[in-house]
Amino acid sequence: MSCVADQPGAEGSPRVLVAGATGFAGALAAQLIWHHPGFELVALTGRSNVGRALQELYPRYRVPLPIEDPAGERAQAIDAAVVAYPHAAAAPTVGALRDRGARVIDLSADFRLGSLATYEAWYGEHPRPDLLEQAVYGLTEMHRERIAGAAIVANPGCYPTAAVLALAPLARAGLIADVVVDAKQGVSGAGRRADEDTTHLSMIGENILPYKVAAHRHTPEIEEQLALLGADVRVQFQAHLVPLDQGELASCYVTPTRPLAAADLQELYRDAYAGEPFVELADAPPGTRDVLATNFCRLFVAADQHTGKVVVLSAIDNLWKGTSSQAVQNLNLMFGREESEGLL
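Values in this document were obtained by computation on a predicted structure and should not be read as measured data.

1. A few points about the overall build of the chain
So, point 1. Along the chain, the regular secondary structure elements total ten helices and 14 strands.
So, point 2. Taken over the C-alpha trace, the chain has a radius of gyration of 20 Å; the compact-globule value for 344 residues is 20 Å, and the two agree within 12%.
So, point 3. In terms of overall dimensions, the chain has C-alpha extents of about 65 × 45 × 40 Å along its principal axes.
So, point 4. Here the chain, with 344 residues, has 55% of them falling under the buried criterion.
So, point 5. Of the contacts made within the chain by residues no fewer than 6 positions apart, 70% connect residues no fewer than 24 positions apart.

In structure tokens, the structure reads:
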């Protein structure tokens, strides 16, 4: 019996390729699609470990398909692809896949920003600006109707996922005068082949490290999404690496445009996320373990009567809701399946 025949997804299901499957995000996306009842994972590509089965690199995922040369991306008959390459490297692959008619979920930053000028100010020259109009920002809870019909879905960054879900109800209500987002993430967020010296194990163990101070590229992504919701504000964003494998907590400190009572805040957030399958409102501050290896975002909101500020805490798994499982949530929408299928 072939490897593909062992998948839960039945023959005739949409055929999916994962490009860049050897990194953390691509490998998890492959595992989720391999076990998904409604999709058929037909190929994995990568720029390293060609010929090795993914389960040799990541035994816990138990995906037996081999890693193929990236040239295979042009040879497979597919309906959709998840592209897990770094920014700038992803866009040409996205373009090639679109030329073949595949619908694409891109995990890089290449299509997250609607403004070309903003992208180039933070990332440099865009490799495929002609594709920007095809892209929809993939924060499912904010853009699900457009995601359902999208040709390219730009999966959000993990920090913006946590921050925007935390702040969206306040932004829509015109309640954000100023905001500081203080976020902490496990070292998997730096990627499997991180280049920064600060990601070395000897620097991370028993340590908390701020990085990209006053210069983090997720800042304009958060600002753009909040502006679309009605909050045209500058965001003070600071990221930290903490000694965890995975997990993320964003602590958001908001100066509101008017005083807010605790009861009003609770009602605002309950109304905003009623019926959302993957956003939970907690009665106590959440920890990263609460959402480990899940597609959930767990929120806690409080009114600080002493300072007049609003505190919103947002916990996600950076590899799951922050990256790969959110990609599958979007893939479900794109192919008319239940949004939570394969994720609960």
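2. Digging into the packing of aromatic side chains
So, point 1. Tallied over the full model, the rule gives six aromatic pairs.
So, point 2. Considering the side-chain rings of Phe39 and Phe335, the 5.8 Å spacing of their centres and the 80° angle between planes classify their relative orientation as edge-to-face. Here Phe39, found in the loop between α1 (24-34) and β2 (40-45), pairs with Phe335, found in the segment after α10 (320-334); they are 296 residues apart in sequence, far enough to count as distant.
So, point 3. Taking relative accessible area as the criterion, Phe39 reaches 0% and is therefore assigned buried.
So, point 4. Taking the relative accessible area as the measure of exposure, Phe335 reaches 25% and is therefore partly exposed.
So, point 5. Plain terms: the ring middles of Tyr119 and Tyr123 are 4.9 Å apart, the flat faces sit at 20° to each other, and that makes the pair stacked. Here Tyr123 and Tyr119 lie together in helix α4 (residues 116-123), a separation of four residues that amounts to about one turn.
So, point 6. Here the guanidinium or amino end of Arg47 rests over the ring plane of Tyr85, the centre of that ring lying 4.2 Å away.

3. Description of the pairing of strand β8 (residues 176-185)
So, point 1. The pairing of β8 with strand β11 (residues 248-256) spans nine bridges and is antiparallel. When the sheet's bridge partners are listed, Lys184 is paired in β11 with Leu249.
So, point 2. Bridge count between β8 and strand β10 (residues 235-241): seven bridges; the pairing is parallel. Residue pairing in the sheet places Val179 in a bridge with Val235 of β10.

4. So, helix α8 (residues 218-228)
So, point 1. Within α8, eight of the eleven residues are buried, which leaves the element mostly enclosed by the surrounding structure.
So, point 2. For α8, the set of buried residues is His218, Thr219, Pro220, Glu221, Ile222, Glu223, Gln225 and Leu226.
So, point 3. On the buried face of α8, the contacting elements are α4, β6 (135-137), α5 (140-148), α6 (158-172) and β10.

5. Thoughts on the sheet that holds β10
So, point 1. Reading across the sheet, the seven strands line up as β9-β10-β8-β11-β14-β13-β12 and stay open at both edges, with mixed pairing between neighbours. If you trace the sheet from one side to the other, it starts and ends with β9 (209-211) and β12 (279-281), each paired once. Here the average twist between neighbouring strands, direction ignored, is 25°.
So, point 2. In terms of strand pairing, β9 meets β10 through three bridges, oriented antiparallel. Looking across to β10, one finds that Tyr211 is bridged to Ala239.

6. Concerning unusual backbone geometry
So, point 1. Phi is positive for Lys212, which is not a glycine, with a value near 50°.
So, point 2. The residue Lys212 is located in the loop between β9 and α8 in this model.
So, point 3. Lys212 sits in the partly exposed class, given a relative accessible area of 38%.
So, point 4. In this structure, Ala293 is a non-glycine residue whose phi angle is positive, near 55°.

7. A few points about the packing of α1 against α10
So, point 1. α10 packs onto α1 with a crossing angle of 40° between their chain directions and a minimal axis gap of 9 Å. If you check the angle between α1 and α10, you find them oblique. For the crossing formed where α1 meets α10, the hand is right-handed. Mapping the contact onto sequence places Ala25, Leu28, Ala29, Leu32 and Ile33 in α1 and Trp320, Thr323, Ser324, Ser325, Val328 and Leu331 in α10.

8. Comments concerning the sheet that holds β6
Picture the strands of a sheet paired through backbone hydrogen bonds; they go either parallel or antiparallel.
So, point 1. As summarised here, the arrangement of the seven strands in space is β3-β2-β1-β4-β5-β7-β6, forming an open sheet in which the pairing is parallel. This sheet does not close on itself; its edge strands, each paired only once, are β3 (67-68) and β6.
So, point 2. Of the strand pairs in this sheet, β2 and β3 are connected by two bridges, and their pairing is parallel. Note on β3: the bridge partner recorded for Leu44 is Ile67.
So, point 3. Along the sheet face, α5 touches β5 (103-106), β6 and β7 (152-154) and points at about 155° away from the line of β6.

9. As for the confidence of the model for the chain
So, point 1. Per-chain confidence: the chain averages 93 in pLDDT, with 91% of residues scoring 70 or above.
So, point 2. Confidence over residues 1-5 falls short of pLDDT 50; this stretch has eight contacts with residues more than four positions distant or in other chains.

10. Quick notes on the nonpolar core
So, point 1. By size, the foremost hydrophobic cluster in this structure holds 44 residues, and its most contacted members are Leu167, Leu170, Ile176 and Val181.
So, point 2. With ten residues, α6 is the largest single contributor of residues to this core.
So, point 3. In contact with Leu167, other than residues within four places in its own chain, are Ile176, Val179, Val181, Leu226, Cys252, Val254 and Tyr269.
So, point 4. Counting residues in each nonpolar core, the second largest holds 42 residues, with Val63, Phe296, Val328 and Leu343 among its members.

What counts as what
Residues numbered from 1 in each chain as written. Predicted model: local features only at pLDDT ≥ 70, side-chain atom pairs only at ≥ 80, totals over all residues. Heavy atoms only, no water. Helix = DSSP H or I, 4+ residues; strand = E, 2+ residues; numbered from the N terminus. Rg over C-alpha atoms; globule rule 2.2 N^0.38 Å. Buried < 20%, exposed > 50% of the residue type's maximum accessible area, 1.4 Å probe, protein only. Contact = heavy atoms within 4.5 Å. Phe/Tyr/Trp six-rings, centres within 6.5 Å; stacked < 30°, edge-to-face > 60°. Lys NZ or Arg CZ within 6 Å of the ring centre and 35° of its normal. Pairing = 2+ DSSP bridges. Axes fitted to C-alpha atoms, helices over the stretch in contact; angles between N-to-C directions. Parallel < 35°, antiparallel > 145°, perpendicular 65-115°, else oblique. Left-handed = near helix turned anticlockwise from the far one by under 90°. pLDDT = per-residue confidence, 0-100. Core = buried A, V, L, I, M, F, W, Y, C linked by side-chain atoms within 4.5 Å.

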